[in-house]
Amino acid sequence: MTIPEIQEEIVDEFSMFDDWMQRYEYMIELGKSLPLIDEQYKTDENIIKGCQSKVWVHAELEDDKLVFTADSDAIITKGIIAILIRAFSNQKPQDIIDADTIFIDEIGLKEHLSPTRANGLVSMIKQLKLYAVAYQTQLN
């Protein structure tokens, strides 16, 4: 699936819920299915700066596609990074660089997060895109 197709699927899933408590519960469930980062990558250099909680992200290039793994010490944050990884993992770096993140606004995520969590969300997106830029440079 392409990034826009995955994003549309995520928007559709979130639209099934009537209120934000149900959406938070769904995010927590998504966090439980997160492809977990190997313990060896839970280092300071893999921590996303700007997050209130600890969030570790690791990226590897497999068959010219970026594969992300992550973990967090907070359940909501783990759900947020799980959504982003679902949208961007197993994609070509250039496609990640070119992708928009409007789906985050469409599910209403940013407006239902505390200011510090919203800042963390922006930092997570930025970090995933930075990985994509770094790996795209290697491919060129």
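Residues numbered from 1 in each chain as written. Predicted model: local features only at pLDDT ≥ 70, side-chain atom pairs only at ≥ 80, totals over all residues. Heavy atoms only, no water.

A.B. asks: Help me understand the pairing of strand β2 (residues 65-72), please; the structure alone is not making it clear to me.
C.D. replies: For a regular strand, side-chain orientation follows a simple rule: the groups alternate between the two sheet faces. For β2, a buried count of seven out of eight residues is recorded, marking the element as mostly surrounded by other parts of the structure. Sheet topology places strand β1 (residues 55-62) next to β2; eight bridges connect them, and they run antiparallel. Residue pairing for β2: W56 is matched across the bridge by D71. The hairpin formed by β1 and β2 contains two residues between the paired strands, and D63 there has a positive phi angle of roughly 55°. (Buried < 20%, exposed > 50% of the residue type's maximum accessible area, 1.4 Å probe, protein only. Helix = DSSP H or I, 4+ residues; strand = E, 2+ residues; numbered from the N terminus. Pairing = 2+ DSSP bridges.)

A.B. asks: In this structure, what is going on with empty space enclosed by the protein? I would like to understand it.
C.D. replies: It is the rolling of a water-molecule-sized probe over the atoms that shows where space remains empty. Scanning the model with the defined rule gives one cavity of 30 Å³ or more in all. Lining of the largest cavity is provided by C51, Q52, S53, T77, T116, R117, G120, L121 and M124. Examining the composition of the lining of the largest cavity, we find that five residues originate from one element, helix α6 (residues 115-139), more than from any other. (1 Å grid on protein atoms, 1.4 Å probe; cavity = no way out; pocket = protein on both sides within 12 Å on 5 of 7 lines; lining within 4 Å. Points joined across faces, edges and corners; volume = space filled by probe spheres on them.)

A.B. asks: Can you walk me through the UniProt feature "domain: Fe-S metabolism associated" (unreviewed entry) in the protein in this structure?
C.D. replies: Following the UniProt record, one finds the feature "domain: Fe-S metabolism associated" (unreviewed entry) at residues 11-129. Taken end to end, residues 11-129 has its terminal C-alpha atoms 21 Å apart, with 49% of it in helix and 13% in strand. (UniProt positions renumbered as here; feature names shortened; annotations may be inferred.)

A.B. asks: How should I be thinking about a negative patch on the surface in this particular structure?
C.D. replies: On the surface, a cluster of negative charge is made up of E5, E8, D12, D100 and E106. Among the elements that make up the negative patch, the one with the highest residue count is helix α1 (residues 3-15) (three residues). Mapped onto the fold, E8 is located in helix α1. (Patch = residues over 30% accessible without salt bridge, like charges linked within 9 Å, V, L, I, M, F, W, Y side chains within 5 Å. Areas by Shrake-Rupley, 256 points an atom, 1.4 Å probe, with all protein chains shown as cover. Salt bridge = Lys/Arg side-chain N within 4 Å of Asp/Glu carboxyl O. Lys, Arg positive; Asp, Glu negative; His and termini not counted. Charge placed at Lys NZ, Arg CZ, Asp CG, Glu CD.)

A.B. asks: In this structure, what is going on with the side chain of Q91? I would like to understand it.
C.D. replies: Tracing the backbone shows Q91 in the loop between α3 (75-88) and α4 (93-98). A polar contact is formed between the side chain of Q91 and the backbone oxygen of M1, at a distance of 3.0 Å. For Q91, the residues in contact, after removing those within four places along its chain, are M1, T2, I3, I6, K65, L66 and I96. (Polar contact = N/O pair within 3.5 Å; in protein donor to acceptor, adjacent residues only side chain to side chain. Contact = heavy atoms within 4.5 Å.)

A.B. asks: Looking at this structure, I do not really get the pattern of salt bridges. What am I missing?
C.D. replies: For side chains of opposite charge, pairing can occur when their charged atoms come near one another. Applying the stated criterion to the full structure yields seven salt bridges. A salt bridge links K32 to E29; the shortest N-O distance between them is 3.2 Å. With a gap of three residues between them, K32 and E29 both fall in helix α2 (residues 20-32), about one helical turn apart. On the basis of relative accessibility, which here comes to 61%, the residue K32 falls in the exposed class. Between D71 and K78 there is a salt bridge, with its nearest N and O atoms 3.3 Å apart. Note on D71: relative accessible area 9%, which makes it buried. Residue classification places K78 among the partly exposed positions, given a relative accessible area of 21%. Each of E39, K42, D71 and K78 takes part in one network of salt bridges that share partners.

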